[in-house]
Amino acid sequence: MSNAEAANAPDEKTFTLSNDETGDTVKLPIVEGTYGPHCIDIRQLYGQTGHFTLDPSFTATGSCKSRITYIDGDEGILMHRGYRIEDLAAKSSFMEVCYLLLYGDLPTQDQLDEFTHNIVYHTMVHDQMNYFYRGFRRDAHPMAVMCGVVGALSAFYHDSLDIFDPKQREISAHRLIAKIPTLAAMTMKYSMGQPFMYPRNDLSYPENFLYMCFAVPAEAYEVNPVLAKAMDRILILHADHEQNASTSTVRLAGSSQANPFACIAAGIASLWGPSHGGANQAVLEMLDQIGSKEHIPEFIERAKSKDDPFKLMGFGHRVYKNHDPRAQVLKESCDEVLDLLGVDDPRLELAMELERIALEDDYFKERKLFPNVDFYSGIILKAMGFPVEMFTVLFAVSRTVGWTSQWKEMMEEPSLKIGRPRQLYTGPAERPFIPMDKRG
Ligand code: SDX
């Protein structure tokens, strides 16, 4: 049934739009999901009215149907395939969440064992990848390096680039989930001037990542189980988040039939921005800039001022107008991890005081600005020994499974159409060409 037929079917729910100037009306189908706002299917709008819709920054536009993640911003709810993030963070592992996001259900033990084996045996990268690092300055931002080396994966895996072959899509997904931690750890080592550590197949995903980041060839390295558990929880909390900027970037790149490695590299580039995944680094830098509790009021006023570009990093969210459930879990983990590591970071107390003061302030209350996932994550990562510049890379390590799952879901749609938004043109009307000697 076409959308036009659907809009006129007797029992179909429709939305009628009318043009006040001409009196013309158009009926558009209303589509309903499991949860969340219903959508008006506007695919016939231009054909029936000659009008586009206009929604810069996509504040009220659904780009796709998806079965992976649901966010209720008003209630502060986040679910992956129907499971609450609080339960997944407390009761499952990142490997289980990867399976859930990719395949739709929590794995049985046998399924998890097979999946984990497939991931573990793809963790090494082609040795030629090492040479890409040599081209970067040691002080290059790690996200700049990741944009380059992840995109370069396309140059190596020609045997899994047929995006219309489900088996090759699955191999690419496994390769990406497996190799991103290796490339991330190599990026960290390169910036420190330390030798790369090759992955170890006897370690779990979080243990292996920590090993590649913190071990050195000169001595044995035992992964701290507290750090491994904290790392696994951080990976779970950042895994997927509906159609955020970087996920939408991955989907749009994938809609042109670009290979999955190139799409994930595009997602990494989008995540880097301080309005998105780059906020975790910006939060630590902000806390260091604030310095002590006495200076909090000054920075709160700056955040509220229209004349000051300063924003409270780690605060606010396009969707959450209530607490970000991930921030709640990370805040609890902060206390636990710092205590178990015996780290006394004054930034944690400063962050908690900043949150308390902000949440009592009318400006933040009226705009429903709450701490988001980035507000507390950096404090834990700092306590774990990661350089601040690596924080967004860690976000990308986790989000790769979300990006890949969303890309896979899009590729499994019956028809893949290239994403191609339109615009409202507000430039100059047509005018005659001006020869050089007549200009100025
Ligand atoms: C992530 O989309 C996702 O799901 C993202 C993410 C994921 O998992 O993928 O959750 C991860 O990116 C979290 C967000 C990390 N970014 C930050 O912490 C940066 C600081 N936050 C802001 O830049 C902002 O809150 C955004 C970008 C997160 C959201 O911006 P919106 O939805 O476009 O909201 P807005 O800028 O229109 O703000 C509405 C009002 C404005 O004031 P008024 O014009 O109404 O007077 O709130 C103000 C803003 O100035 N505001 C802030 C603020 N965030 C919004 N004022 C001070 N400090 C802030 N942090």
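Data block above holds the structure.
Heads up: these notes are all about the structure in this document. Source: prediction; values computed, not measured.

What about the sheet that holds strand β1 (residues 14-18)?
Strand order in this open sheet of three strands is β1-β2-β3, and the pairing throughout is antiparallel. What marks the edges here is a single partner per strand, and that holds for β1 and β3 (39-40). Sheet analysis places β1 next to strand β2 (residues 25-31), joined by five bridges and oriented antiparallel. In the sheet register, L17 faces β2, and the bridge partner there is V26.

Examining the site of the ligand
Residues in contact with the ligand amount to 24 residues; listed here are only the nearest, H241, K306, H317, R318 and R326. Within the backbone of F315, an N or O atom sits 2.8 Å from a nitrogen atom of the ligand. Take R326: an N or O atom from its side chain is 2.6 Å from an oxygen atom of the ligand. Burial of the ligand by the protein chains amounts to 77% of its free accessible area of 1,100 Å². Considered class by class, the residues forming the shell around the ligand number nine nonpolar, eight polar and seven charged.

A few points about helix α11 (residues 245-255)
Among all positions of α11, only S246, T247, V250, R251, A253, G254 and S255 are buried. Turning to α11, the residues buried within the fold contact α12 (260-271) and α19 (391-411). Directly beyond the C-terminal end of α11, a positive phi value near 75° is found at Q257.

A short note on the nonpolar core
Among the nonpolar cores identified, the biggest contains 120 residues, and V150, L183, L312, M384 and F386 are the most heavily contacted of them. Excluding its chain neighbours within four sequence positions, the residues that come into contact with M384 are L210, F214, L227, A230, M231 and I234.

Structural notes on the sheet that holds strand β6 (residues 83-84)
With antiparallel pairing, three strands are arranged side by side in an open sheet as β4-β5-β6. Every interior strand has two partners, whereas the edge strands, β4 (69-72) and β6, have only one.

Here we look at the packing of helix α8 (residues 166-192) against α12
At a minimum axis distance of 10 Å, the contact between α8 and α12 shows a crossing angle of 40°. One way to sum up the angle between α8 and α12 is to call them oblique. Our pair here, α8 against α12, has a crossing hand that is right-handed. Mapping the contact onto sequence places S172, R175 and L176 in α8 and P260, F261 and I264 in α12. Here the contact of α8 with α12 is composed, by residue class, of four nonpolar, one polar and one charged.

Describing the side chain of N244
With respect to the helices and strands, N244 occurs in the loop between α10 (225-237) and α11. Of the polar contacts made by the side chain of N244, one reaches the side chain of R399; its length is 3.5 Å. Residue contacts for N244: discarding those within four places in its chain leaves H276 and R399.

Conventions adopted
- All chains use their own residue numbering, which begins from 1 and follows the written sequence.
- Only residues with pLDDT of at least 70 get local features here, since the model is predicted, and only at 80 or more are side-chain atom pairs given and counted; chain-wide, interface and lining totals rely on the full set of residues.
- Note: side-chain values were computed over all heavy atoms of the structure, leaving out hydrogens and water.
- When DSSP finds two or more bridges between two strands, those strands count as paired.
- A run of DSSP states H or I qualifies as a helix once it reaches four residues; a run of E qualifies as a strand once it reaches two. Both are numbered from the N-terminal end.
- Definition of nearness: a residue and a molecule or strand are near each other if at least one heavy atom of the residue lies within 4 Å of the molecule or strand.
- Between N or O atoms, a polar contact is any pair within 3.5 Å; within protein, one atom must be a potential hydrogen donor and the other a potential acceptor, and residues adjacent in sequence are included only when both atoms are from side chains.
- Only the protein chains shown count as cover for residues, and all accessible areas are computed by the Shrake-Rupley method using a 1.4 Å probe.
- Side-chain classes follow a simple rule in which Ala, Val, Leu, Ile, Met, Phe, Trp, Tyr, Cys and Pro form the nonpolar group, Asp, Glu, Lys and Arg form the charged group, and the remainder, Gly included, forms the polar group.
- Any residue under 20% of the maximum accessible area for its type is buried, any over 50% is exposed, and the rest in between are partly exposed; the area is computed with a 1.4 Å probe on protein chains only.
- Should any heavy atoms of two residues lie within 4.5 Å, those residues are considered in contact.
- What we call a nonpolar core is a set of buried Ala, Val, Leu, Ile, Met, Phe, Trp, Tyr and Cys residues that are connected through their side-chain atoms within 4.5 Å.
- Between N-to-C directions, angles span 0 to 180 degrees; the directions come from axes that are lines fitted to C-alpha atoms, helices contributing only their stretch in contact.
- Under this scheme an angle from 65 to 115 degrees is roughly perpendicular, one under 35 degrees roughly parallel, and one over 145 degrees roughly antiparallel; angles in between are oblique.
- Take the far helix as your reference; a near helix turned counterclockwise from it by less than a right angle gives a left-handed crossing, and one turned clockwise gives a right-handed crossing.

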